[in-house]
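Structural characterization, general
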Amino acid sequence: MNPQLFLAFMVVSGALACTPGVDWAYSITAGLRQRSFVPAVAGLCGGYLLHTVLLVAGLAALLTGIPGVLGWLTVAGAAYLLWLGATTIRSWRGASSGGGAAEAFPAPGPEPANQFRTFLQGMGTSGINPKGLLFYVALVPQFVSPEASLPVPVQSGLLGLTFVLLVAVVYTCVALLARKLLHSRPGAARRVTLASGIIMVVLGVVLLSEQLVPLLGQALSRG
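It should be emphasised that the depicted structure is a prediction, and the values quoted were computed from it without experimental measurement.

For the protein, the count of helices and strands is nine helices and zero strands. Seen in sequence order, the protein has helices and strands lined up from the N terminus as α-α-α-α-α-α-α-α-α. By the burial criterion, 43% of the 223 residues in the protein qualify as buried.

This part takes up the side chain of Thr29. Structurally, Thr29 can be placed in helix H2 (residues 22-31). There is a polar contact of 2.8 Å between the side chain of Thr29 and the backbone oxygen of Ala25.

Examined against the element boundaries, Pro153 turns out to sit in helix H8 (residues 152-182). A relative accessible area of 41% means that Pro153 is categorised as partly exposed. Sequence spacing of Pro153 and Gly58 is 95 residues, and the spatial spacing of their C-alpha atoms is 8.5 Å.

Enumeration over the complete set of coordinates arrives at five aromatic pairs. Measuring from ring centre to ring centre gives 5.2 Å for Phe135 and Tyr136, while their planes differ by 90°; the resulting arrangement is edge-to-face. For Tyr136, a relative accessible area of 0% gives the class buried. Ring pairs connect the aromatic residues Tyr48, Phe135, Tyr136 and Phe163, which therefore count as one cluster.

Before going further, it helps to spend a moment on helix H1 (residues 3-17). An α-helical turn contains 3.6 residues, so a residue and the one three or four places further along point in the same direction. The first and last C-alpha atoms of H1 sit 21 Å apart over 15 residues, in line with the 21 Å expected at 1.5 Å per residue. Taken together, the buried positions of H1 are occupied by Phe9, Ser13, Gly14 and Ala17. For H1, the angular spread of buried residues about the axis comes to 125°, placing them on one side. Residues Gln4, Leu7 and Val11 are exposed on H1 and point more than 90 degrees away from its buried face.

Moving on, we come to the state of the cysteines. By definition, a disulfide links two cysteine residues through a covalent bond between their sulfur atoms. The tally for this structure, following the rule as stated, stands at zero disulfides. Looking at Cys173, it has no disulfide partner, and the nearest cysteine sulfur is the one in Cys18, 8.7 Å off.

Here we come to the packing of H2 against helix H3 (residues 38-57). At a minimum axis separation of 9 Å, H2 and H3 run at an interaxial angle of 155°. Overall, the two elements H2 and H3 adopt an arrangement that is roughly antiparallel. Touching Asp23, Tyr26, Ser27 and Ala30 of H2 are Ala40, Leu44 and Tyr48, all from H3. A class-by-class count of the residues in the contact of H2 with H3 yields five nonpolar, one polar and one charged.

Here is what the cut-offs are and how they apply
Residues numbered from 1 in each chain as written. Predicted model: local features only at pLDDT ≥ 70, side-chain atom pairs only at ≥ 80, totals over all residues. Heavy atoms only, no water. Helix = DSSP H or I, 4+ residues; strand = E, 2+ residues; numbered from the N terminus. Buried < 20%, exposed > 50% of the residue type's maximum accessible area, 1.4 Å probe, protein only. Polar contact = N/O pair within 3.5 Å; in protein donor to acceptor, adjacent residues only side chain to side chain. Phe/Tyr/Trp six-rings, centres within 6.5 Å; stacked < 30°, edge-to-face > 60°. Expected span 1.5 Å × (residues − 1). Arc of directions from axis to C-beta. Disulfide = S-S within 2.5 Å. Axes fitted to C-alpha atoms, helices over the stretch in contact; angles between N-to-C directions. Parallel < 35°, antiparallel > 145°, perpendicular 65-115°, else oblique. Contact = heavy atoms within 4.5 Å. Nonpolar A, V, L, I, M, F, W, Y, C, P; charged D, E, K, R; others polar.

See the structure below:
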């Protein structure tokens, strides 16, 4: 693999991972929980690992090349963000220090079940996000060198795994900082949790407005 291309990929990927967005909002909310935020961060990384597998298998380019598929994936991702954001907003008053912070993502049942649900929510947040799929389809191939000794699928997989490791470090730091800085400040914790929920809802609405109307128009024209 070309060392210069790999270094450039690290810089671009690091910048993207450090850009606040839905993943940040989920990491911050998880950091305010009383229990471990590790399942949430692992879930976010699991979503990007899924994108890496799709990229290596060639399915990512295939999905984006089929008319309408990416649009409906965007609609599904927007609906998920709306649900997740609404759940966060409903629980913002409980996002204070102590046991109330664990209510941000309520999950009845024993602790392992709670952690597994948190993992799945994180995986859904990043895995169903079409922008994540587009990142792997549009950006990763630009840093693959056909002249390198490693096959293109192997290079793509290594780049994808590198991004997974980067987001793991960044989101862990975000969750840790949220816990350290806000755990003892109930008022600030509530406001940040509310803002996180609003961010998810706003992004969900934007994604729906960008995709749903054109898709419905295409469906009506075909009918």
